[in-house]
Amino acid sequence: MNLAHRVSLIKESPTLAVMARAGKMKAEGKDVVILAAGEPDFDTPDHIKQAAIEAINAGKTKYTPVGGTTELKQAIIHKFAKENNLQYAANQVSASAGGKHCIFNALQAILSSGDEVIIPAPFWVSYPDMVLLSAGTPVIVSCTIEDKYKLTADKLQKAITPKTKAIFLNSPSNPTGMVYSDNELLALANVLKKYPDIIIITDDIYEHILFDGLQFKNIVNVAPELYDRTIVINGVSKAYAMTGWRIGFSACGNTSIIKAMENIQSQSTSNACSIAQAAAAAALNGGHACLQVMKDAFLERRNYVVERINKIKGLRCLKAEGAFYVFFECVDAINSLHQAGKIAQKTDLAFANYLLENFLLAGVPGSAFGLDDHIRISFATSMEELAKGLDRLEEALNK
Ligand code: GLU
């Protein structure tokens, strides 16, 4: 079968692939500990589920405007004003089937063939492939553990060319959990101010999962001059434990970008699910009490996982400042397993496979996020599962 050329440029989403593989093993009766999934283990709060039930009963089961119901758009506008101090009108926001869909629409709307998109690595696995699907060229900028895996102004400056069309920012970061400080964002903004044609895509999906008293800011908060050319991506999936509902939203000062994204959506999926939209509006309008419960649990788990990982020989990790991932470096562990003949290649992929096949522990290899010799584990799962998973990791390296 001759498939489209674009298909040859991409691969299956590695996060979803690991989840599918581990899920299949579990369905076969194997006691797999799955620390791969980037989704909260909590149930969607009751008041949100209730809003969906009411929407069904009220017959809200028809098409809605492509970019979202008036009710949802108002909730999004209110959320940005109240939580982020960002003012948008209805034609500057749009809802889609998840943050991932928003990013895809955004790239489709802004990229022409050969346009370059700067992606700081480690990155969320789908950014480069979505750029490729939109005929763009990903420009990966490696950020090291010494820089806390964050892009510096100097590296950004060096990566910019006349073809640079856009840049991704993601804080708190998936997979590293690192958060950009105001000064770090400002340093990046000062570089970007010199290039008025570069569009910034800020993926703020982990905004509400922040630890140690950190306050969320994105680049527009520290550099309001970038308002027109920054596409803010967010959604209800991570904060409100609503991954399956598939509601994300985008905002941009420049209305033509939002309009283009809605046109693309009108020719592909049309509106996001009407019932999920009603639930998302209830989530955004419903206050933060339900978030705190989850945040407290994530904090306890973060502390536990970071402490244990750093006690295991051959592994080291930074303390995640947000999101629900620990991204640990495992070069020494890989080398010793290779030396002992346990893994054939000195790669994080071989290490991750070894853990899954021999110790029934699923994590996602760092190479999928653009940085070798690392593994991402998610702590969005119960303490019991985490303890079991870390026991297995310890056993794998002590054996
Ligand atoms: N964003 C989550 C993750 O990184 C969900 C899976 C995905 O779409 O990548 O695990």
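Right above here is the structure, for reference.
Right, let's walk through the structure included here. (Residues numbered from 1 in each chain as written. Predicted model: local features only at pLDDT ≥ 70, side-chain atom pairs only at ≥ 80, totals over all residues. Heavy atoms only, no water.)

### Remarks on the side chain of Asn234
Phase 1: Checked against the element boundaries, Asn234 lands in strand 7 (residues 230-235).
Phase 2: Only 3.3 Å separates the side chain of Asn234 from the backbone oxygen of Asp204, close enough to count as a polar contact.
Phase 3: The contact partners of Asn234, leaving out residues within four places of it in the chain, are Lys79, Gly99, Asp204, Ile205, Glu207, Gly248 and Phe249. (Helix = DSSP H or I, 4+ residues; strand = E, 2+ residues; numbered from the N terminus. Polar contact = N/O pair within 3.5 Å; in protein donor to acceptor, adjacent residues only side chain to side chain. Contact = heavy atoms within 4.5 Å.)

### Here we look at a nonpolar patch on the surface
Phase 1: A contiguous nonpolar patch, built from Met1, Leu3 and Val7 and spanning about 390 Å² of accessible area, is present on the exposed surface.
Phase 2: Looking at the element boundaries, Val7 is found in helix 1 (residues 5-9). (Patch = residues over 30% accessible without salt bridge, like charges linked within 9 Å, V, L, I, M, F, W, Y side chains within 5 Å. Areas by Shrake-Rupley, 256 points an atom, 1.4 Å probe, with all protein chains shown as cover. Salt bridge = Lys/Arg side-chain N within 4 Å of Asp/Glu carboxyl O.)

### Some points on the site of the ligand
Phase 1: The local shell around the ligand consists of Thr15, Leu16, Gly38, Lys100, Trp124, Asn174, Lys238, Tyr325 and Arg376.
Phase 2: Between the ligand and the protein, one listed contact pairs an oxygen atom with a side-chain N or O atom of Thr15 at 2.6 Å.
Phase 3: One of the side-chain N or O atoms of Lys100 is found 2.9 Å from an oxygen atom in the ligand.
Phase 4: Contact with the protein chains covers 88% of the free accessible surface of the ligand, which is 280 Å².
Phase 5: The residue makeup of the shell around the ligand, split by class, is three nonpolar, three polar and three charged. (Near = heavy atom within 4 Å. Nonpolar A, V, L, I, M, F, W, Y, C, P; charged D, E, K, R; others polar.)

### A short note on the pairing of strand 13 (residues 374-378)
Taken residue by residue, a regular strand's side chains alternate between the two faces of the sheet.
Phase 1: The element strand 13 is extensively covered by neighbouring structure, given that five of its five residues are classed as buried.
Phase 2: The two faces of strand 13 match: His374, Arg376 and Ser378 on one face and Ile375 and Ile377 on the other face are all buried.
Phase 3: Inspection of the sheet shows strand 10 (residues 325-329) paired to strand 13 by five bridges, in the antiparallel sense. Directly across from Phe327, in strand 13, lies its bridge partner Arg376.
Phase 4: Note: strand 12 (residues 364-365) against strand 13, two bridges, orientation antiparallel. Its bridge partner lying in strand 13, Val364 is registered against Arg376. (Buried < 20%, exposed > 50% of the residue type's maximum accessible area, 1.4 Å probe, protein only. Pairing = 2+ DSSP bridges.)

### A closer look at the environment of Ser266
Phase 1: In this structure, Ser266 sits in helix 10 (residues 255-266).
Phase 2: Between the C-alpha atoms of Ser266 and Gly67, which are 199 residues apart in sequence, the distance is 8.5 Å.
Phase 3: Reaching out from Ser266, the side chain makes a polar contact with the backbone oxygen of Asn263 at a distance of 2.7 Å.

### Here's the deal with unusual backbone geometry
Phase 1: Cis rather than trans, the peptide bond between Ala121 and Pro122 has omega equal to 5°.
Phase 2: The omega angle of the peptide bond from Ser171 to Pro172 is -5°, so this bond is cis rather than trans.
Phase 3: Its location among the elements puts Pro172 in the loop between strand 5 (164-170) and helix 8 (182-192).
Phase 4: For Asn85, which is not glycine, the phi dihedral falls at a positive 55°.
Phase 5: In the Ramachandran plot, Asp212 falls in the positive-phi region, its phi being about 55° despite a non-glycine side chain.
Phase 6: By the secondary structure assignment, Asp212 is in the loop between strand 6 (199-203) and helix 9 (219-222).
Phase 7: Judged by relative accessible area, which is 52%, Asp212 ranks as exposed.

### Considering the packing of helix 5 (residues 99-110) against helix 10
Phase 1: Between helix 5 and helix 10, the shortest axis-to-axis distance is 9 Å and the interhelical angle comes to 110°. By the angle class used here, helix 5 and helix 10 are roughly perpendicular. In contact with His101, Cys102, Asn105, Ala106, Gln108, Ala109 and Ile110 of helix 5, helix 10 contributes Ile257, Ala260, Met261, Ile264 and Gln265.
Phase 2: Residues belonging to the contact of helix 5 with helix 10 are distributed by class as follows: eight nonpolar, four polar and no charged. (Axes fitted to C-alpha atoms, helices over the stretch in contact; angles between N-to-C directions. Parallel < 35°, antiparallel > 145°, perpendicular 65-115°, else oblique.)

### Looking at the pattern of salt bridges
Phase 1: Taken as a whole and assessed by the stated rule, the structure comprises 23 salt bridges.
Phase 2: Between Asp129 and Lys11 there is a salt bridge whose closest N-O contact spans 3.0 Å. Here Lys11 lies in the loop between helix 1 and helix 2 (14-27) and Asp129 lies in helix 6 (residues 126-133), a separation of 118 residues in the sequence.
Phase 3: Judged by its relative accessible area of 47%, Lys11 is partly exposed.
Phase 4: Note that Glu83 and Lys79 form a salt bridge whose closest N and O atoms lie 2.7 Å from each other. With Glu83 and Lys79 both in helix 4 (residues 70-84) and four residues apart, this pair spans about one turn of that helix.
Phase 5: Exposure remark for Glu83: the relative accessible area of 22% places this residue in the partly exposed category.
Phase 6: Members of the salt-bridge network, linked through shared partners, are Asp31, Glu385, Lys388 and Arg392.

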